[in-house]
Amino acid sequence: MSQRIKIKALLESEQTGIDITVKGWVRAFRQNRFIALNDGSTNNNIQIVVDFENTDPALLKRITFGAAISVTGELIPSQGQGQKVEVIAKEIEILGDCDPEEYPLQPKRQTLEFLREKAHLRFRTNTFGAIFRVRNSLAFAVHQFFQERGFIYLHTPIITASDAEGAGETFHVTNFDLANPPKTENGEIDFSQDFFAKATNLTVSGQLEGELGAMALSDIYTFGPTFRAENSNTTRHLAEFWMIEPEVAFNDLDDNMDLAEDMLKYVIKYALDKNADDIEFLTQRLTEEEKQKPQNERSEMTLVDKLQFCLDNDFERLTYTEAIDILKESTPNKKKKFQYPVEGWGTDLQSEHERYLVEKHFKKPVILTDYPKEIKAFYMRQNEPDANGRETVRAMDILFPGIGEIVGGSQREERLDKLEQRMDEMGIPKDELWWYLDTRRFGACPHAGFGLGFERLVLFVTGMGNIRDVIPFPRYPKNAEF
Ligand code: ATP
Ligand code: MN
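Predicted, not measured: the structure shown is a model, and the values here were computed from it. (Residues numbered from 1 in each chain as written. Chains lettered and ligands numbered in written order. Predicted model: local features only at pLDDT ≥ 70, side-chain atom pairs only at ≥ 80, totals over all residues. Heavy atoms only, no water.)

Student: How should unusual backbone geometry be read in this particular structure?
Tutor: Peptide bonds are, in most cases, trans, and in most cases residues other than glycine have a negative phi. Despite not being glycine, Lys-478 shows a phi value in the positive range, around 70 degrees. One non-glycine residue with positive phi stands out, namely Phe-482, at about 70 degrees.

Here it is, written out as structure tokens:
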């Protein structure tokens, strides 16, 4: 038996006149003669030419949309347009029949909503094939970027007893019999009898543990699943998502911003080079989709242009305070077009504000720094109050067009007294985080890091509109199917 050759390799092959074996799923069968075959290695199909006059009609009938087949034949320069090579079939074997009457997928455009309900099959469509190949490249590029720079890939725990942000949006982990958990004298659930002898949850971030690694290994990154039980039924939130969290000893906020900007550009460029066909396909898909919108809502740039633009321009860096001034004076604010009017200093920005800054005002990615300390986490480094007595922290959020926040990070508070004071103010239990505080007791140093939501990155690079379409099996409120 001859070896299977991937369709991507065949299509790039310079050598013709040889016999090869190719396997895949039928995408189309025209005139009982031309099979379009795809195996997921590329968005492009290979054309198989069938000698139908000398082929068993019973076999021809089984070459249906979705069927898995194996073809052995000669690779020849293509007679037709649109491809370099094709295969003259000598032997066709049906590996798996696919009854077109029963098969949920149709050889036509189907809505993303429909395909989400068929997530076990949606990999077989052009759109999802392209998305998951791009996702794969981005993941690989993330590792390559950090590995080239000598970062250590650190595996932080998925089960933890800490809630990094103190936001309380966690999923509990227990092996109690839920109908009958042991209780304390006060009638509360007695976690001291649980598996870990304390209440535990799925991690919302690996940062706190990442910081421990950075305090010895200097440059670390995590890349793992993260869980948030936030009830945000949005196109930007998942209950289970992947996060990349570098943490670097001796870095300040400027170093941190440089690292994040370099990384984003590196991985986007990698995907543009590696997945040119897929991104070209996704660009056309988006352009088609935009045609359905009214003219004034259409984006001025195509997907490829947007990605290239992101590589060619420095991200705009400004403080939260400067951003508030811009927003206050903005036309939509004055004309009361914002759902949440921008009035004073101190409130969190809504995504409509972030998108105004990125898409209308600067028209490029933006990094906002130095947010009010009241709206940020306890571990961010405190600035000296400004002339107006405003208190800020060395936070940075990176905002992307069409996405809003893609990265959240900060320089960390390395001064023990300041950190403890802030924890007290915010009601964060110091005794439970004794191990975190130890890093500030013994050999503390300035350090900084950030979290990049991997799916938000994939969303940006693929030009998709809903985060549920860029992870193989999305987890969101009321859905854990597959
Ligand atoms: P948002 O305000 O959008 O909810 P956040 O401030 O809660 O984000 P962080 O806690 O800073 O986010 O997390 C770091 C990054 O993780 C974010 O910048 C974003 O890219 C990503 N992220 C956060 N929550 C989610 C989620 N529920 N689903 C997917 N990605 C997320
Ligand atoms: Mn959030």
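Student: Sorry, what's going on with the site of ligand 1 here?
Tutor: Within the structure, ligand 1 sits among 15 residues, and Glu-230, His-237, Glu-405, Ile-406 and Arg-456 are positioned closest to it. Take His-237: an N or O atom from its side chain is 2.7 Å from an oxygen atom of ligand 1. At 3.2 Å from an oxygen atom of ligand 1 is found a main-chain nitrogen or oxygen belonging to Gly-453. When each cavity is represented as a set of grid points, ligand 1 is found to reside in the second largest pocket. Looking at the shell around ligand 1, the elements with two or more residues in it are β11 (240–249), β15 (404–411) and β16 (447–453). Looking at the shell around ligand 1, the element that brings in the most residues is β15, giving 4 residues. Grouping the amino acids of the shell around ligand 1 by side-chain chemistry returns 6 nonpolar, 4 polar and 5 charged. (Near = heavy atom within 4 Å. Polar contact = N/O pair within 3.5 Å; in protein donor to acceptor, adjacent residues only side chain to side chain. 1 Å grid on protein atoms, 1.4 Å probe; cavity = no way out; pocket = protein on both sides within 12 Å on 5 of 7 lines; lining within 4 Å. Sits in = over half its atoms within 2 Å of the grid points. Helix = DSSP H or I, 4+ residues; strand = E, 2+ residues; numbered from the N terminus. Nonpolar A, V, L, I, M, F, W, Y, C, P; charged D, E, K, R; others polar.)

Student: Quick question: what am I supposed to make of the pairing of β15 here?
Tutor: Counting buried positions along β15 gives 6 out of 8 residues, so the element sits mostly inside the fold. Two elements, strand β14 (residues 392–400) and β15, share 6 bridges in a ladder whose sense is antiparallel. Across the sheet, the residue bridging to Leu-399 is Glu-405, located in β15. Two successive antiparallel strands, β14 and β15, enclose a turn made up of 3 residues, where Gly-402 displays a positive phi of approximately 75 degrees. (Buried < 20%, exposed > 50% of the residue type's maximum accessible area, 1.4 Å probe, protein only. Pairing = 2+ DSSP bridges.)

Student: Can you walk me through the layout of surface pockets in this structure?
Tutor: Gaps left between atoms show up when a probe the size of a water molecule is rolled over them. In this model, the second largest pocket occupies a volume close to 1300 Å³. Residue lining of the second largest pocket: 48 residues in total, with Arg-228, His-237, Asp-397, Glu-405 and Arg-456 positioned closest to the centre. With 6 residues, β15 is the single largest residue contributor to the lining of the second largest pocket. Partitioning the lining of the second largest pocket into residue classes produces 18 nonpolar, 13 polar and 17 charged. (Points joined across faces, edges and corners; volume = space filled by probe spheres on them.)

Student: It is not clear to me how the side chain of Arg-133 should be interpreted in this structure. Could you clarify?
Tutor: Tracing the chain through its elements places Arg-133 in helix α4 (residues 126–148). For Arg-133, the side chain forms a polar contact with the side chain of Asp-278, separated by 3.0 Å.

Student: Sorry if this is basic, but what is going on with the nonpolar core here?
Tutor: In a soluble, globular protein the nonpolar side chains are often hidden away together inside. If you look at the biggest cluster of nonpolar residues, it comprises 86 residues, and the most contacted ones within it are Ile-46, Ile-268, Phe-400, Leu-457 and Val-461. In terms of nonpolar packing, the next biggest core, distinct from the first, is built from 28 residues, Tyr-371, Met-380, Leu-419 and Leu-437 among them. (Core = buried A, V, L, I, M, F, W, Y, C linked by side-chain atoms within 4.5 Å.)

Student: Please clarify how the sheet that holds strand β1 (residues 18–30) should be interpreted in this entry.
Tutor: Within a sheet, neighbouring strands are paired by backbone hydrogen bonds and run either parallel or antiparallel to one another. Ordered by their spatial adjacency, 5 strands build a closed barrel running β1-β2-β3-β5-β4, and the pairing between neighbours is mixed. Across the sheet, the axes of successive neighbouring strands diverge by a mean angle of 55 degrees, strand direction being ignored. (Axes fitted to C-alpha atoms, helices over the stretch in contact; angles between N-to-C directions.)

Student: Where do I start with the sheet that holds strand β9 (residues 200–202) in this structure?
Tutor: An order of β7-β9-β8 is seen for the 3 strands of this open sheet, with the pairing classed as antiparallel. Among the strands making up the open sheet, the edge pair consists of β7 (159–160) and β8 (172–173). Note that β8 and β9 share 2 bridges and pair antiparallel. What sits directly across from His-172, in β9, is Asn-201.

That is the geometry; function is a separate question.
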